[in-house]
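Spelled out from the first residue to the last, the chains are:
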Amino acid sequence: MTLPPPLWEQLVRNGSIGDEDLPSPMSPEKNWYTRRLRPARPLVQVLAEPDLRAVVLIRGPGPSVRVADLAASDRVITVPLDAENWREPVLDPIEQHPAGAELAERLNGGGQVVVVFDGLDQVPGPDHRLDLAHRIAAFTEQYRQARVIVTTRPVGYEHSRARAALKTAGFAHFTLLGPAELPRERWAEAVLTLAGQWPVGELTRQDKVELLGGLARHLREELGGNHIDDTALDEYVGAFLRERLGLTADVATGMLQHLGDGDVILTGFGAGVYGFTHPELLDHLAAEEFRKQLSDDDLVALCDWHGDDPDWAMTLQLLIGRVPGPLAARCISTLLTDDQPWRDNLNLLPYRLVLALRAVGELRDPSVVEDQAEALAQTLMALLTTASARERRLAHPLSFVMTTPRLTLGPAWPGGDLFESWYVDERPDLGYYAGLVAAHIHVALLPGDVETLRAAAQAEDWFVGRAAVEALATQWPQHPQTLAFLHEVTGSGPDGLVGEVAVRFVAANWPEHPDTLEFLRGAAIGSAHERVRQAALETLATGWAGQPGTLTLLQDRATDDENSLVRQSAVRAIATGWPDRLDTLPLLRDRARHDKNNYVRYAAVGNIIEGWGEHPDTPSFLKKCIVADRGDEVVLVSLRALVEDPANLPWLHDQARNGRSFNRDFVVDAISARWPEDPGTIALLWERATGKSDAEARLVAIAELAAGHAHHPQTVTLLRNLAGADADPSVRKSLEEALSGPQQQS
């Protein structure tokens, strides 16, 4: 769960979490693979799986789930955890717990017993949560005939020592998915409906809508996201009730009590953090509040101030679409008046430009911004031209932010003719990412009827085909011919580039269709295009993990598919989706050692480090990889893992001196980067600098000494002696340059 840094800091200050509970940064690639390949499975299926004897269920937003009703046993006992009774469920001795006699009888009576520890996040403080986690783990070990389920909300648990303790104890972790996204056309209706269901009798429905609108604005404007701690929420609601309605704080307390159970409109995330159950309602309500309460000049200033903040994008997009045309034109103009920093650095994503583009699509009458739309088209064309010229420096996020969610412009978009004329002339020369974005805009400008999109999906230009398939599946999922057409185009196009998108949309939009599972299995095995097979495997792992045969199919493809990208995807899917299976680690080790492709081996080793880094055999396995593997990536990822533990330094020092020459530089670099001040590191660098290794190795060692150890007098003396003695002129020159700094300090 992503919280703003100030809220994390506040949770640490008030003792809800500890410093060690703070999340560590996750690379975009790792986060993308985790979300893409983590299987989504029915909860009842997870709870019925015999191999999962100990499970943690991490609750998302929304109404709570009665695990006891889903567990496949009539011998279930739920142990509620909260601030008052958290000490009682320790079950040591078991008879002292209020439910202990019943539980002891069931545990000792044979047969399947399910014990649910409900609400670990409600236990106050990280130390107490850790203590209780250890005791639950001990209980699980003592009563091995019982199935143990722990439920918790994410905040206060996801990055905590309690999670690490339960993970080490063998608990499998699953996250319960939140409620489905609300269609935009139902947002206003949903607010009224959900407000009416909020059980606070003293407030009318309109009172609740006003309170929620003000809260949405407060969250967006003051806190920057969909999260607020319980103290601040209590203060906000109390102030609203007193100042607006003349009610007492007791009513606020009653309202907040309903949040603990995952209410339908506001919900708790754990550790005293609350927010809207449906985040899109926050944007809808905040936009309405700004529209009603701010002056025209203030609205323009708001767009200018927050236009490059992606967290504000949907709020501002909705806001611009709801104000009168002349005011919308002013807002869009201010978004286009920045200095366009992406001209110099494509890593500075064009959030203002994307917001302006999407905001024009919100307008009922786009002609009111004709001048701004032309300027927008000109800026857009300049961006794509610049991106194409610097294709090697263009990261994937640019195409993602430009095309997700899908653009909706239509042929009435005022800048469309200008863009289309440019697209016809420039399309052949555009690079991959620029071409992908340009094709999405081109398709967004089409009329959007089924026949037009089907024709575009079969275009020779596969960029256009991909964009048209996405538009067809998104806009016309209920059309009787859409699904059959997507099946048809799966085998079309060069290298399956169109079919890949078709497969992913069939899986996403028609998961319950009786033909979908067999369609995906057939594509995973029988498609001639590796991209189609890869997409089919990934969607099977994500949506059909519990189906008989899915894991077997992935295991088969991980070893036998002729394409390395397909094998790599299968390896990742198995590692992330079935980490608790006894046969997963052996398969990963086999692929890490024996796959003929370096990148498949690298994926397998990386997943072993990620999921089994604490396994007692992992260090020795990684050492074998370093000694035997010929791929740079495998050696480097193994070194980075081993060098973190000082117990591995003696072995690494030996490899730096006596290992394969192919690896020695890698080993020295890893040791000197992680342990620069260790005496063994300095000695190793001295040996390399003065030994009989090749000139390049000596140069690397000299650079490391000069950069990290110039403050040691022995280093200066060593470098001076070498400057006059080394036989290689390039080394002597490097020594002279390195000495220019240390000599001045000596």
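Residues numbered from 1 in each chain as written. Predicted model: local features only at pLDDT ≥ 70, side-chain atom pairs only at ≥ 80, totals over all residues. Heavy atoms only, no water.

**Observations concerning the side chain of H653**
Its location among the elements puts H653 in helix 33 (residues 649-658). A relative accessible area of 13% means that H653 is categorised as buried. (Helix = DSSP H or I, 4+ residues; strand = E, 2+ residues; numbered from the N terminus. Buried < 20%, exposed > 50% of the residue type's maximum accessible area, 1.4 Å probe, protein only.)

**Re the sheet that holds strand 5 (residues 172-175)**
Taking strand neighbours across the sheet as the criterion, the five strands line up as 2-3-4-1-5 in an open arrangement whose pairing is parallel. Strand pairing shows two members of the sheet lacking a second neighbour, strand 2 (76-80) and strand 5, which therefore form its edges. The average undirected angle you get between the axes of adjacent strands in this sheet is 20°. (Pairing = 2+ DSSP bridges. Axes fitted to C-alpha atoms, helices over the stretch in contact; angles between N-to-C directions.)

**What to know about the environment of A133**
Among the secondary structure elements, A133 is positioned in helix 6 (residues 126-142). For the pair A133 and L120, spaced 13 residues apart in sequence, the C-alpha separation works out to 8.3 Å. If sequence neighbours within four positions are ignored, A133 has contacts with A162, A165 and L166. (Contact = heavy atoms within 4.5 Å.)

**Describing the packing of helix 30 (residues 598-612) against helix 31 (residues 618-628)**
The angle between the axes and the distance between the axes are what describe a pair of packed helices. Remark: helix 30 packs on helix 31, axes separated minimally by 11 Å, with the N-to-C direction vectors making an angle of 165°. Judged by the inter-axis angle, helix 30 sits roughly antiparallel to helix 31. In the crossing of helix 30 with helix 31, the sense of the turn from one axis to the other is left-handed. Contacts between helix 30 and helix 31 involve V605, I608, I609 and W612 from the former and T618, F621, L622 and C625 from the latter. Across the contact of helix 30 with helix 31, the residue classes break down as seven nonpolar, one polar and no charged. (Parallel < 35°, antiparallel > 145°, perpendicular 65-115°, else oblique. Left-handed = near helix turned anticlockwise from the far one by under 90°. Nonpolar A, V, L, I, M, F, W, Y, C, P; charged D, E, K, R; others polar.)

**Remarks on the confidence of the model for the chain**
On average, residues of the chain score 79 in pLDDT, and 73% of them reach the 70 mark or higher. Predicted confidence is poor over residues 23-39, with pLDDT under 50, and the contacts of this stretch with residues over four places away or in other chains come to 27 contacts. Here residues 742-746 is a poorly scored stretch, pLDDT under 50, and it has five contacts once near neighbours within four places are set aside; other chains count. (pLDDT = per-residue confidence, 0-100.)

**Overview of the pattern of salt bridges**
With the rule as written, the count across this model stands at 24 salt bridges. A salt bridge links R330 to D297; the shortest N-O distance between them is 2.9 Å. Residue R330 is located in helix 15 (residues 325-335), and its partner D297 is located in helix 13 (residues 296-306); the two are separated by 33 residues in the primary sequence. Ionic pairing is found between D561 and R557, a salt bridge with its closest N-O pair at 3.2 Å. For the pair D561 and R557, one class covers both residues: buried. (Salt bridge = Lys/Arg side-chain N within 4 Å of Asp/Glu carboxyl O.)

**A short note on the packing of aromatic side chains**
Under the criterion given, the structure shown has eight aromatic pairs. Measuring from centroid to centroid gives 5.5 Å for F419 and W422, while their planes differ by 45°, and the two rings are tilted. Pair noted here: F419 and W422 are both in helix 19 (residues 416-426), with a separation of three residues, about one helical turn. Under the relative-accessibility criterion, W422 is labelled buried at 13%. Aromatic pair F419 and Y423: ring centres 6.2 Å apart, planes at 15°, arrangement stacked. With F419 and Y423 both in helix 19 and four residues apart, the pair spans about one turn of that helix. (Phe/Tyr/Trp six-rings, centres within 6.5 Å; stacked < 30°, edge-to-face > 60°.)

**Comments concerning the nonpolar core**
Core analysis: the biggest nonpolar cluster contains 163 residues, and F276, F419 and I441 have the highest contact counts within it. When residues in this core are grouped by element, the largest group, nine residues, is from helix 22 (residues 462-475). Ranked by size, the runner-up nonpolar core spans 26 residues in total, among them F117, A137, Y157 and A162. (Core = buried A, V, L, I, M, F, W, Y, C linked by side-chain atoms within 4.5 Å.)

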